[in-house]
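Architecture and fold: a report
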Amino acid sequence: MPAPILKNKTIPFFIDQALHLVVLYCCSFNSNLIGHTVGLVQEVNWPLVTAVVFASYPSSIIMAKLLEGMSDRIELDHKSLPNAGKYIGIIERLFVLIFIILGRWEAIGLLITAKSVFRFNDLKESNSRKLTEYILIGTLLSFGLAILTGLIYLGVR
């Protein structure tokens, strides 16, 4: 009897990512493993590198997985650049991460305000409640992932 095909690939994805985090945790905190390699490796701030990498592409994949059920229910604007939302999200998460590390929480509010101002006309013209909700959920998830990443980094270092 063949194995059932998983219709929902989100759960295996998150299990896979959790296992990645466990391996990274074990590697970064095992001083014997890293300590006996090159001296340069010891000088690298591995928690910071991990936070920056996580805030970029892995967070984009997580966002896509969490929002994939909603994205097919809205009409996307085909006038926008390909993958623009993904790259905007990466840049905003990196800014939020930097602001948290620097202790400049007020700058995160400024960033949210600036993004809202730029999006206001697009949302006003589209007159689509679904699109507005989708963008709001995506923005809050993106900022939430970046804030969580920053707080974990501050707790680890």
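Bear in mind the structure is a predicted one, so any value in this text is a computation, not a measurement. (Residues numbered from 1 in each chain as written. Predicted model: local features only at pLDDT ≥ 70, side-chain atom pairs only at ≥ 80, totals over all residues. Heavy atoms only, no water.)

**A look at helix α5 (residues 57–71)**
The sharpest bend along α5 measures roughly 35° and falls at K65. Residues of α5 that are buried: S59, S60, I62, M63 and L67. (Bend = angle between axes of the 7 residues up to and from the residue. Helix = DSSP H or I, 4+ residues; strand = E, 2+ residues; numbered from the N terminus. Buried < 20%, exposed > 50% of the residue type's maximum accessible area, 1.4 Å probe, protein only.)

**Topic: a nonpolar patch on the surface**
Taken together, the side chains of I91, F95, I98 and L102 define a hydrophobic patch exposed on the protein surface, amounting to about 390 Å² of accessible area. In this structure, F95 sits in helix α6 (residues 84–102). (Patch = residues over 30% accessible without salt bridge, like charges linked within 9 Å, V, L, I, M, F, W, Y side chains within 5 Å. Areas by Shrake-Rupley, 256 points an atom, 1.4 Å probe, with all protein chains shown as cover. Salt bridge = Lys/Arg side-chain N within 4 Å of Asp/Glu carboxyl O.)

**Description of the packing of aromatic side chains**
Applying the stated criterion to the full structure yields two aromatic pairs. On the numbers, 6.0 Å between centres and 20° between planes, the contact of F95 with F99 is stacked. Placement of both F95 and F99 in helix α6 is noted, with a separation of four residues, approximately one turn of the helix. The class for F95 is partly exposed, based on a relative accessible area of 39%. (Phe/Tyr/Trp six-rings, centres within 6.5 Å; stacked < 30°, edge-to-face > 60°.)

**Here's the deal with the packing of helix α4 (residues 46–55) against α6**
Close contact between α4 and α6 brings their axes to 9 Å; oriented N to C, the two are set at 150°. Classified by the interaxial angle, the pair formed by α4 and α6 is roughly antiparallel. Taking contact as the criterion, the partners of L48, A51, V52 and A55 in α4 are, on α6, I90, R93, L94, L97 and I101. Taken together, the residues of the contact of α4 with α6 sort by class into eight nonpolar, no polar and one charged. (Axes fitted to C-alpha atoms, helices over the stretch in contact; angles between N-to-C directions. Parallel < 35°, antiparallel > 145°, perpendicular 65-115°, else oblique. Contact = heavy atoms within 4.5 Å. Nonpolar A, V, L, I, M, F, W, Y, C, P; charged D, E, K, R; others polar.)

**Structural notes on the pattern of salt bridges**
Counted by the stated rule, this structure contains two salt bridges. E92 is the partner of K115 in a salt bridge, and the nearest nitrogen-oxygen pair spans 2.9 Å. With K115 in helix α7 (residues 105–126) and E92 in helix α6, this pair connects stretches of sequence that are 23 residues apart. One exposure class covers both K115 and E92, and it is buried.

**Comments concerning the side chain of S142**
Considering the arrangement of structural elements, one finds S142 in helix α8 (residues 129–156). Accessibility expressed as a relative area gives 2% for S142, which makes it buried. Once residues lying within four places of it in the same chain are set aside, the contact partners of S142 are M63, G89, E92 and R93.

**Concerning the nonpolar core**
Counting nine residues, the largest nonpolar core consists of F13, I62, M63, L67, I74, L131, Y134, I135 and L145. For this core, the elements supplying multiple residues, two or more each, are α5 and α8. The biggest single contributor to this core is α8, with four residues. (Core = buried A, V, L, I, M, F, W, Y, C linked by side-chain atoms within 4.5 Å.)

**Things to note about the packing of α4 against α8**
Two elements in contact, α4 and α8, have axes whose closest approach is 10 Å; the angle formed by their N-to-C orientations is 175°. In terms of axis orientation, α4 runs roughly antiparallel to α8. Here P47, L48, A51 and F54 of α4 lie close against α8, whose contacting residues are L145, T149, Y153 and V156. Considering only residue class, the contact of α4 with α8 consists of seven nonpolar, one polar and no charged.

Function-wise, these values are silent; they only describe arrangement.
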